[in-house]
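# Topology and contacts: notes
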Amino acid sequence: MAGRWQWFHRLGSPKWFYEKTTRWLPWLVGAMALFLTVGIVWALLFLPPDYQQGHTSRILVVHVAVAGTSLSFFPLMAVAGTVTLVWRMKLADMVARNAAPLGAWFTFLTLATGSIWGSVSWGTWWEWTDSRLVSMLFQFFLLLGVISLRSAIENAETAARACALLSIVGCINVVIIKYSVDWWNTLHQPSSPISMEVGSPNGPEFWVATAVMIVAVYLFLAVSLILTTRNEIIQRENKAQWVRELVAQAR
Amino acid sequence: MTENSQATRPLLEVRALTCERADRLLFRDLEFSLDNGQALQVKGGNGSGKTTLLRIICGLNDSFAGEMYTRGEALAANWDAFHSGLLYIGHRVAVNHVLTPLENLRWSCRLHDPADDDGIREALDQMDLAGYEDSPCYSLSAGQQQRVSLARLLLSSAELWILDEPFTTLDVDGVALLENLVARHASDGGAVLITTHHKLALPRLRALTLGMTR
Amino acid sequence: MNSPGNGAINRSGNSAINRAGAGAAFLATLKRDLLISVKRRNDILNPFMFFIIVVSLFPIGISPESAMLRQIAAGVVWIAVLLASMLSMDSLYRSDYEDGSLEQLLLSAQPLYLLVFAKNIAHWLVSGLPVILASPLLAYMLALPAEGYATLVLSLLLGTPVVGMLGSIAVALTVGLGSRGLILAVITVPMSVPVLIFGTLAVQNALAGGSPAGYLALLGAMLAASVGLAPVATAAALRITLN
């Protein structure tokens, strides 16, 4: 009988993942390159300048796409964490482990592009009255917490499960933080000299370009995750027969 | 699992137990059983996985492959019942330094059995700690602290004792006392799983040696 | 040397009947932790002193003007409480981990989350409560207007247990690590932001003449959610880290 205490990973075998992704990767990378090129060229060269913000609105195409993607990290890590805790699937932890630093980068990029955009539109690099930036900042801190917990625990198994639990708690917390910061923000809004209306340029073309960019960024996320996870598989499974054969072939 | 009735199935059965820690194989395909009236000594050199084995059986460590049964039932599904009949004393003896022996035992017994102060005093007296009941444990020697934790053996109604290196800090009298306790527990129908480097003078003692796989 | 003699005191067959109930184990754990705290006064006193010192830095660092101070008073007290609780949290499971008591807690036949909850309550009684009792005095020194006191104390009463229980999860995740002090804060402080928001909003609302009831109710809801979920998460975390 395969009880839940059994530390065997029949499901989600790393080998299966490695072989499948070898086949998927070219397609994914191709699609990513296509969407990225279309999105960036369109946003930078062809998108008409916003009538209020001018060329600054082009930053938003990237910002919105990165921001949307970075919101998906905690849910992703929480799901992977649940799988790690309940089914002890090694693969889920490999994904979660690589998702945390990637998520921190995406969150950082969101903050950076947001503040670059804000420096022109709002005249300031940082604006506490924008609740999205503030809750992003706390998501960034929470992700750093997961990363530092991972690096602090020496035993890989313990680290995997501790981070899985923290990701689940963190995911619930991010939602609460988001709503409480929104609330806090609306109450402080009247004192703010900045109108949030400026924040949303309109026009269907802008949103289509943004949609293309969102797809591109998600593909980028998928490709990065797959690549880092494959890397991790090779490292962790270095004793397995198929990995040795793979290494022998590469030589 | 139905070839025998429940009462005749052993208290603890371990099958094909394998444990790997940080990419190092501690033991592989370990098989043994322990039943009422028996004492089993786990032997093996440093780092052979004795403590890990005991912690696995207690349910403190679950990084293993293999199966464990109690009375023919999978242990994984019966932890609560198993824990209520289990007394574990690790090499960290669970004695808080600022509390007195009496206060320590009041708590650690309460986690399993009801205990009254008279019973605890009597147990401490038997462990040769009379007069120390109300001194803070930091003023006690390591051996005396070990005795405080071993007093729980006298206060517990647990069927299975799991003792990890209980002799290390005990003096000659203490060793004899504990040997006596273990022997009597086994002859009373209890079961004992023990790790130690001591040569135990116990009738019907069985031994399991780890570290033979390499 | 005594012989084991007539020992084996409770070795009767009716062990299922005289098995101590979960309630008895809960109370015993609560009592034990309170007793340990009373005997190790420094663990209580140092965070408390830290709290008072941190608060007294704000007038020096920002402004001694009472017009300025009254605006930030509630926030300053709340932030100092958060920081002080980070400091006191570290001792929550440390000695129990080191002396092996935590293993015994895990092996108890009683539900672990219940025992964890008892430890959380004991910790709050000795670390949270004194700070809350001192908070009106410090709020007075920060020139908090009279309308704010009751709300400040109420918000702390509802909010500090939430912070304590969130911290308990983080402590359980980092128990046994050498340098856990900072990781603890990195994990717990961001998670405490909603409590800080509603705690300070409640006081500000009371000062503005409104009713703080809504915010206090939200804090109460967070408290209820934490009581239900945090001990379970802490128990799971302890099982992971003691593996």
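Residues numbered from 1 in each chain as written. Chains lettered and ligands numbered in written order. Predicted model: local features only at pLDDT ≥ 70, side-chain atom pairs only at ≥ 80, totals over all residues.

Let us look at the overall build of chain A. Each helix and strand counted, chain A has eight helices and zero strands in total. Ordered by position in the sequence, the α and β elements of chain A form the string α-α-α-α-α-α-α-α. Partitioning the contacts of chain A with sequence separation of at least 6, the portion at a separation of at least 24 is 80%. (Helix = DSSP H or I, 4+ residues; strand = E, 2+ residues; numbered from the N terminus. Contact = placed C-beta atoms within 7 Å.)

When you go through chain B residue by residue, the secondary structure sums to six helices and nine strands. Relative to its length of 214 residues, chain B is compact, with a C-alpha radius of gyration of 17 Å against a globular reference of 17 Å. On the principal axes, the C-alpha backbone points of chain B span a range of 50 × 35 × 30 Å. Sequence separation of at least 24 residues holds for 71% of the intrachain contacts in chain B that already meet a minimum separation of 6. (Rg over C-alpha atoms; globule rule 2.2 N^0.38 Å.)

Let's shift gears to the confidence of the model for chain A. Residue and element names in this part refer to chain A. When pLDDT is averaged across chain A, the result is 84; 87% of the residues are at 70 or more. Scored below 50 in pLDDT, residues 1-10 makes 16 contacts in the model with residues more than four places away or belonging to other chains. Low pLDDT (under 50) marks residues 190-199, which in the prediction has six contacts with non-local residues, meaning those over four places away or in another chain. (pLDDT = per-residue confidence, 0-100.)

This part takes up the sheet that holds strand β2 (residues 24-34) of chain B. All names here are of chain B. Ordered by their spatial adjacency, four strands build an open sheet running β2-β1-β4-β5, and the pairing between neighbours is antiparallel. Every interior strand has two partners, whereas the edge strands, β2 and β5 (73-74), have only one. Looking at chain direction, strand β4 (residues 65-70) and β5 are connected through two bridges and run antiparallel. Within β5, the residue paired with T70 across the bridge is E73. (Pairing = 2+ DSSP bridges.)

A few words now on the nonpolar core. Nonpolar side chains tend toward joint burial in soluble globular proteins. Core analysis: the largest hydrophobic core is formed by 138 residues, its most contacted members being A:L165, A:M213, C:V77 and C:A237. Counting residues per element, this core draws most heavily on helix α7 (residues 149-174) of chain C, at 13 residues. Excluding residues within four positions of it along the chain, C:A237 makes contact with A:A162, A:L165, C:I169, C:A172 and C:L173. B:I120, B:M127, B:L150 and B:L208 belong to the second-largest nonpolar core, a separate cluster that totals 63 residues. (Core = buried A, V, L, I, M, F, W, Y, C linked by C-beta atoms within 7 Å. Buried ≥ 20, exposed ≤ 12 C-beta atoms within 10 Å, placed from the backbone.)

Okay, the sheet that holds strand β6 (residues 86-89) of chain B next. Across a sheet, paired strands are connected by hydrogen bonds in the backbone, their directions being either parallel or antiparallel. All names here are of chain B. Strand order in the open sheet formed by five strands is β6-β7-β8-β3-β9, with parallel pairing between adjacent strands. Two strands lie at the open edges of the sheet, namely β6 and β9 (205-209), each paired on one side alone. Averaged over all pairs of adjacent strands, the angle between strand axes in this sheet comes to 15°, irrespective of strand direction. Its contacts with the sheet place helix α6 (residues 172-187) against β3 (39-43), β7 (160-164) and β8 (191-195), and it is angled at close to 145° to β8. (Axes fitted to C-alpha atoms, helices over the stretch in contact; angles between N-to-C directions.)

This paragraph deals with the packing of helix α4 (residues 90-121) of chain A against helix α5 (residues 131-152) of chain A. Residues and elements named next belong to chain A. One can describe the packing of α4 onto α5 by two numbers: an axis separation of 9 Å at closest approach and a directional angle of 155°. It follows that α4 is roughly antiparallel to α5 by the angle criterion. Taken as a pair, α4 and α5 cross one another with a handedness that is left-handed. Here α4 contributes R97, A100, P101, G103, A104, T107, F108, T110, L111 and G114 to the contact with α5, which in turn contributes L133, M136, L137, Q139, F140, L143, L144, V146, I147 and R150. Among the residues making up the contact of α4 with α5, the classes are represented as 13 nonpolar, five polar and two charged. (Parallel < 35°, antiparallel > 145°, perpendicular 65-115°, else oblique. Left-handed = near helix turned anticlockwise from the far one by under 90°. Nonpolar A, V, L, I, M, F, W, Y, C, P; charged D, E, K, R; others polar.)

Residue and element names in this part refer to chain B. Residues other than glycine seldom take positive phi values, yet A94 does so here, at roughly 60°. In this structure, A94 sits in the loop between β6 and α3 (101-110). Although it is not a glycine, D128 sits at a positive phi angle of roughly 65°. Along the chain, D128 turns up in the loop between α4 (117-126) and α5 (142-155).

With that settled, consider the pairing of β3(B). Residues and elements named next belong to chain B. Taking burial as the measure, the five residues of β3 include four buried ones, the bulk of the element. Of the strand pairs in this sheet, β3 and β8 are connected by four bridges, and their pairing is parallel. Bridged to V42 within β8 is T195.

Our focus in this paragraph is the domain arrangement of chain B. Accessible area lost during the coming together of the parts is what is often quoted as the interface size. All names here are of chain B. If you check the domain split of chain B, you get domain 1 (1-85 + 159-214) and domain 2 (98-158). Relative to domain 2, the C-alpha centre of domain 1 lies at a distance of 24 Å. With 13 residues of domain 1 in contact, the opposing surface of domain 2 contributes nine residues. Listing elements by their share of the side of domain 1 that touches domain 2, those giving two or more residues are β7 and α6. (Domains from an automatic or database assignment.)

Our next topic: the interface of chain C and chain B. Each partner contributes residues to the interface: chain C has 37 residues there, and chain B has 42 residues. Within the residue set of the side of chain C that touches chain B, elements represented by two or more residues are α1 (22-39), α4 (94-99) and α5 (101-107) of chain C. Element by element, the count of residues in the side of chain C that touches chain B is highest for α1(C), at eight residues. Tallied by class, the residues present in the side of chain C that touches chain B amount to 14 nonpolar, 16 polar and seven charged.

Another point: the environment of C:L156. Along the chain, C:L156 falls in helix α7. Through-space distance from the C-alpha of C:L156 to that of C:L106 is 31 Å; in sequence the pair is 50 residues apart.

Right, let's talk about the pairing of β2(B) for a bit. All names here are of chain B. By the bridge criterion, seven bridges tie strand β1 (residues 12-21) to β2 in an arrangement that is antiparallel. Residue pairing for β2: L12 is matched across the bridge by L34. The hairpin turn running from β1 into β2, its antiparallel successor, is two residues long, and A22 in that turn takes a positive phi close to 50°.

All names here are of chain C. Between helix α9 (residues 193-207) and helix α10 (residues 213-241), the shortest axis-to-axis distance is 8 Å and the interhelical angle comes to 155°. What the angle tells us is that α9 and α10 run roughly antiparallel. In terms of crossing hand, the pair formed by α9 and α10 is left-handed. When α9 is examined against α10, the residues P194, V195, F198, G199, L201, A202 and N205 are found in contact with a partner set consisting of Y215, L216, L218, L219 and M222.

In this section: the environment of C:Y97. All names here are of chain C. Counting through the fold element by element, Y97 comes out in helix α4. Residue Y97 is classed as partly exposed on the basis of its 19 C-beta neighbours within 10 Å. For Y97, the contacting residues outside a window of four places in its chain are L102, V175 and G176.

Residue and element names in this part refer to chain C. Along the chain, M165 falls in helix α7. Considering only alpha carbons, one finds M165 and F117, 48 residues apart in sequence, at a separation of 8.4 Å. Excluding anything up to four places from it in sequence, M165 contacts N120, S226 and A230.

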